[in-house]
Amino acid sequence: LLIWTNANGINHVVNGVTIPRNGGSKAAFTMMPTQRQHVAQHRQTTLLPSTILPPRPSSSSSITLYAKTKVKEAITTKFETEENNNGPNNPYLTVILPLLLVYVSNQWSRSSIYYLVNFSDAPTVTAANAMNVDLGFSEAQYGALASVAFTALFAFASLAAGNLADKSDRKLLTSVACVSWAVATIITASASSYTEVVAARIFMGLACAFATPSAYTLIRDLIPKERAALASSLYGSGVYLGGALASLSILLDESLGWRGALTVIAVYGLVSAGVSFAVLPPDPKNNSDDDDDDG
């Protein structure tokens, strides 16, 4: 009867016969039939399945195949472990920060117009620091510019924005939207008529509609569940940060004029778009789509 002896020399004695637990070198023992039966019963009751040695390959080709199989299993296990670690190592820097920069740009661009007009008769109000004086539009026209021109298309576009975010690359969509409203801001800064400002404002409303649906779903997919509430709160603060910067546009208006102020806002938007495209992780939805195609 050939059996395996433990490398540490730890054996069991059953009915006067020394038997090994597991592993080690081979040894031969001469046992009576009754002793063989006790040994078999002892092994079945004391050895766990995990301690039983796997069958040894019988040839060099079998050894190579066995080694390749084990390496493949190790790589697969490592890949599955990394895949289960949902989200980047530091989600606040790689996900929340770029999305927040974009959201601040969104709010700053759309709200800045409120602080770049002045309908008073003060002698300090000039065409350089008041858009309405430079382009010659009335308070009624400003009301339409500040509200309907932006919100009309924004409301309709918002209905399609969520559907587009579900079907497209949300990282790319976020960056393209940010570039688009930055371009609309540049057009506004260089406008020579009220009509041009209205057209730029409508285009801005269209672009701004696509940022938030993409951002919130990216946060859902890239941030661990135990951090999701905090991450959403940090992102939502962009409304107030952008609004605060919009009110401070008065200072830019006083020093650079309304056109210069809008140019600064547009440059910030372009920088935010670049940061989001460079820093945001790839859209995980694309990986799942690739896996489905491979399957």
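Residues numbered from 1 in each chain as written. Predicted model: local features only at pLDDT ≥ 70, side-chain atom pairs only at ≥ 80, totals over all residues. Heavy atoms only, no water.

**A word on the packing of aromatic side chains**
Okay, so step 1: Counting across every chain of the model gives 6 aromatic pairs.
Okay, so step 2: Centre to centre, the rings of tyrosine 103 and tyrosine 235 are 4.5 Å apart; their planes meet at 10°, and the pair counts as stacked. Taken together, the residues span a long stretch of sequence, with tyrosine 103 in helix α3 (residues 91-111) and tyrosine 235 in helix α10 (residues 228-236) at a distance of 132 residues. As far as the burial class goes, tyrosine 103 and tyrosine 235 line up, both buried.
Okay, so step 3: On the numbers, 5.8 Å between centres and 55° between planes, the contact of phenylalanine 119 with tyrosine 142 is tilted. One end of the pair, phenylalanine 119, is in the loop between α3 and α4 (131-135); the other, tyrosine 142, is in helix α5 (residues 139-146), and 23 residues separate them in sequence.
Okay, so step 4: The partly exposed category is assigned to phenylalanine 119, whose relative accessible area is 30%.
Okay, so step 5: Ring pairs connect the aromatic residues Tyr103, Tyr216 and Tyr235, which therefore count as one cluster.
Okay, so step 6: Here the guanidinium or amino end of lysine 171 rests over the ring plane of phenylalanine 277, the centre of that ring lying 5.2 Å away. (Phe/Tyr/Trp six-rings, centres within 6.5 Å; stacked < 30°, edge-to-face > 60°. Helix = DSSP H or I, 4+ residues; strand = E, 2+ residues; numbered from the N terminus. Buried < 20%, exposed > 50% of the residue type's maximum accessible area, 1.4 Å probe, protein only. Lys NZ or Arg CZ within 6 Å of the ring centre and 35° of its normal.)

**Examining the nonpolar core**
Okay, so step 1: Among the nonpolar cores identified, the biggest contains 19 residues, and Met131, Phe137 and Leu262 are the most heavily contacted of them.
Okay, so step 2: Only α4, α5, α8 (194-208) and α12 (249-279) provide two or more residues apiece to this core.
Okay, so step 3: Take this core: its biggest share by element is 4 residues, from α12.
Okay, so step 4: When residues no more than four places from it in sequence are discounted, the contact partners of methionine 131 are Ile113, Leu116, Val117, Gly136, Phe137, Thr188, Val197, Trp258 and Leu262.
Okay, so step 5: By size, the runner-up hydrophobic cluster in this structure holds 17 residues, among which are Ala157, Ala177, Cys178 and Ala273. (Core = buried A, V, L, I, M, F, W, Y, C linked by side-chain atoms within 4.5 Å. Contact = heavy atoms within 4.5 Å.)

**Here we look at the side chain of arginine 110**
Okay, so step 1: Counting through the fold element by element, arginine 110 comes out in helix α3.
Okay, so step 2: It turns out arginine 110 is buried and unbridged, and the closest side chain with the opposite charge, aspartate 166, is 18 Å from it.
Okay, so step 3: For arginine 110, the residues in contact, after removing those within four places along its chain, are Phe150, Phe154, Arg201, Met204 and Cys208. (Lys, Arg positive; Asp, Glu negative; His and termini not counted. Salt bridge = Lys/Arg side-chain N within 4 Å of Asp/Glu carboxyl O.)

**Quick word on the pattern of salt bridges**
Okay, so step 1: Summed over all chains, the structure comprises 5 salt bridges.
Okay, so step 2: In this structure, the salt-bridge partner of arginine 170 is aspartate 283, at a minimum N-O distance of 2.5 Å. Residue arginine 170 is located in helix α7 (residues 170-189), and its partner aspartate 283 is located in the loop between α12 and α13 (284-294); the two are separated by 113 residues in the primary sequence. For the pair arginine 170 and aspartate 283, one class covers both residues: buried.

**Concerning the state of the cysteines**
Okay, so step 1: Scanning all chains against the criterion turns up 0 disulfides.
Okay, so step 2: Cysteine cysteine 178 is unpaired, with the sulfur of cysteine 208 as its nearest cysteine sulfur at 8.8 Å.
Okay, so step 3: In this structure cysteine 178 comes out as buried when scored by relative accessible area, which is 0%. (Disulfide = S-S within 2.5 Å.)

**Overview of the environment of leucine 241**
Okay, so step 1: Within the element layout of this structure, leucine 241 appears in helix α11 (residues 238-247).
Okay, so step 2: You can call leucine 241 partly exposed: its relative accessible area is 40%.
Okay, so step 3: Sequence separation between leucine 241 and glutamine 107 is 134 residues, and the spatial gap between their C-alpha atoms is 8.1 Å.
Okay, so step 4: Dropping the residues within four chain positions of it, leucine 241 is found in contact with Leu100 and Val104.

**Some words on the confidence of the model for the protein**
Okay, so step 1: Overall, the predicted model of the protein reaches an average pLDDT of 80, with 67% of residues at or above 70.
Okay, so step 2: Every residue in residues 23-30 is under pLDDT 50, and counting partners more than four places away or in other chains gives 25 contacts.
Okay, so step 3: A low-confidence stretch, residues 46-53 (pLDDT under 50), is modelled with 6 contacts involving residues beyond four sequence positions or located in other chains. (pLDDT = per-residue confidence, 0-100.)

**Quick notes on a nonpolar patch on the surface**
Okay, so step 1: Taken together, the side chains of Leu153, Phe156, Leu159, Val179, Val183, Ile186, Ile187, Ile202, Phe203, Leu206 and Leu270 make up a nonpolar region of the molecular surface, amounting to roughly 910 Å² of accessible area.
Okay, so step 2: Secondary-structure elements contributing two or more residues to the nonpolar patch are α6 (148-167), α7 and α8.
Okay, so step 3: With 4 residues, α7 is the largest single contributor of residues to the nonpolar patch.
Okay, so step 4: As for its placement among the helices and strands, leucine 270 is situated in helix α12. (Patch = residues over 30% accessible without salt bridge, like charges linked within 9 Å, V, L, I, M, F, W, Y side chains within 5 Å. Areas by Shrake-Rupley, 256 points an atom, 1.4 Å probe, with all protein chains shown as cover.)

**Concerning the packing of α5 against α8**
Okay, so step 1: One can describe the packing of α5 onto α8 by two numbers: an axis separation of 10 Å at closest approach and a directional angle of 20°. Between α5 and α8, the angle is such that the two are roughly parallel. Considering how the two elements wind past one another, α5 and α8 form a crossing that is left-handed. Every residue of α8 that contacts α5 at Gln141, Ala144, Leu145 and Ala146 is listed here: Tyr194, Val197, Val198 and Arg201.
Okay, so step 2: Partitioning the contact of α5 with α8 into residue classes produces 6 nonpolar, 1 polar and 1 charged. (Axes fitted to C-alpha atoms, helices over the stretch in contact; angles between N-to-C directions. Parallel < 35°, antiparallel > 145°, perpendicular 65-115°, else oblique. Left-handed = near helix turned anticlockwise from the far one by under 90°. Nonpolar A, V, L, I, M, F, W, Y, C, P; charged D, E, K, R; others polar.)

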